[in-house]
Structures are given as structure tokens and as C-alpha cells.
Amino acid sequence: SEPTTPTSEPTTPTSEPTTPTSEPTTPTSEPTTPTSEPTTPTIEPTTPTTSPTIPVIPNEDFEAGTTSWILNGPSIINSPTDAHSGSYYVLFGGPGPSRQSMYIELTVTSEAPYLTFWSKTVSSQDKCFEDASYIAIDTDLTDSFPGSVRFAWYDFCASKQHDYRLESLNLTSFVGQTIGIEFFLLTTSDKLSTWSIDDIEFRNTLDLD
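Computed from a prediction, not measured in an experiment: that's the story for all the values here.

Criteria and cut-off values
- Residues numbered from 1 in each chain as written.
- Predicted model: local features only at pLDDT ≥ 70, side-chain atom pairs only at ≥ 80, totals over all residues.
- Heavy atoms only, no water.
- Salt bridge = Lys/Arg side-chain N within 4 Å of Asp/Glu carboxyl O.
- Helix = DSSP H or I, 4+ residues; strand = E, 2+ residues; numbered from the N terminus.
- Buried < 20%, exposed > 50% of the residue type's maximum accessible area, 1.4 Å probe, protein only.
- Polar contact = N/O pair within 3.5 Å; in protein donor to acceptor, adjacent residues only side chain to side chain.
- Pairing = 2+ DSSP bridges.
- Axes fitted to C-alpha atoms, helices over the stretch in contact; angles between N-to-C directions.
- Disulfide = S-S within 2.5 Å.

1. Structural notes on the pattern of salt bridges
In the structure shown here, the tally under the stated rule is four salt bridges. Across the pair K191 and D126 runs a salt bridge whose closest N-O atoms are separated by 2.6 Å. On the criterion of sequence distance, the pair formed by K191 in the loop between β9 (178–187) and β10 (193–203) and D126 in the loop between β5 (114–123) and β6 (131–138) is long-range, its members being 65 residues apart. When its relative accessible area of 32% is taken as the criterion, K191 is described as partly exposed. For D126, a relative accessible area of 59% gives the class exposed. Residues K160 and D155 are paired through a salt bridge, measuring 3.4 Å at the closest nitrogen-oxygen approach.

2. Observations concerning the side chain of D198
Among the secondary structure elements, D198 is positioned in strand β10. In terms of polar contacts, D198 uses its side chain to reach the backbone amide nitrogen of H84, at 3.0 Å. Within the local environment of D198, its side chain forms a polar contact with the backbone nitrogen of S85, the two atoms lying 3.3 Å apart.

3. Let's talk about the sheet that holds strand β3 (residues 88–94)
Spatially, the five strands line up as an open sheet ordered β2-β3-β10-β5-β8, and their pairing is antiparallel. Strands at the two margins of the open sheet, each flanked by one partner only, are β2 (75–78) and β8 (162–170). Within the sheet, the average angular offset between the axes of one strand and its neighbour, ignoring direction, is 35°. Pairing analysis gives seven bridges linking β5 to β8, with the strands arranged antiparallel.

4. Regarding the state of the cysteines
Enumeration over the complete set of coordinates arrives at one disulfide. Here C128 engages in a disulfide with C157; their sulfurs sit 2.0 Å apart. Because the torsion about its S-S bond is 60°, the bridge between C128 and C157 counts as right-handed. One end of the pair, C128, is in the loop between β5 and β6; the other, C157, is in the loop between β7 (149–156) and β8, and 29 residues separate them in sequence. For C128, a relative accessible area of 27% translates into the label partly exposed. Using a relative accessible area of 1% as the deciding quantity, one classes C157 as buried.

See the structure below:
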């Protein structure tokens, strides 16, 4: 007998080692850079805007009657339709000759050295300068003669009569002094001349707008 030749061949393995398909993950997040900067304060110091103190004339609009004023002839009239504001005003004059005045003592300050008042005139006088009013300043309050300096004149006649308008007095030369101020009307004939005054006050400027 001969030796038997084997008919089976050794089996070759068909499986190959598996190659991993997953790769290590690379991180995709980067460190965040801050985008906000520190805020710089924008507050600035405030400059005070305090206005100068303007003295108030007592009973400047005559709503309290004759309080604070010395009247010799003129009348305090209650008539809202004829007053510049409020209900009361001062009325000088009338038909016939007359001498009438109104007086007050005031201290002039550098903060408000300009005196203003609202003035209305009515006149049937044909000739100008026959009737007139003026404002006098008295700097010596120890005597009995108020109105030592005639400061401003106002003419009365039919051609110059006017409705209320703002008048002004520059009292800068009297700053720091207490002075007497006299409003005075002189009429010389039987014809009508009247002077209405209201709302007297100090101002810090002569700008009348």
C-alpha cells in the first residue's frame, strides 16, 4: 500500500485585521477674547447758574392799595379793564389845574439798577408842554423836600397820548444808596390830562423786549 496524499489544504484565514475608522477629535472651540472695554464715566461737573437776586418793590402793582406809597392827589383805581395787569393801578390828573405826586423810598442795587414801569397817558391838551409829568430823585432823605433831582420828563398833549408802554430809568449812578423816587404830574389848564401807572419793578437790564 502507498501512503495517502491528503486532499485537504490548509485553510487560509479570510478575515483581515480591522483598521479603526475613527480619528481622534480635534477640539474646535477657541478661547473667547473679551469684547467689552471698561466704561469711562462722562459726568462733568455742573456749573452753578444762580441768577442775581433782584429786589422786589413792595406793592409794586398796587394790588394792596396805597401800602408802601405816599400819595398826594392821585388815586388807586380798581378797574381790571384799565389796569396794565391785575385789578389796581394809580391814576394821576383829570380836568383842571393840579399838582399830584406819588413817593416811595427804595435801595438801588448793582444786581438790578434799572427801574421800569408801565405808563399810559390821555390828554385833550392842544399845546404840548402845557401839561407834563416828571420823575424826581431825592438823595437826601433827612430833609423834607423830596424830589431834589428831576430825572425824567414826560410831555402831555393830544398828539402824544399813548396806551400802556414800558418806561425805564437807569439808576446805576445811585447803586448802593437808598433814595426817594417821586412821580409827579403838573396840569395847568381846564383840559383833561391823566397819567396811569402800574407794575413798577427793578430789572437787571435795560432790554425792554
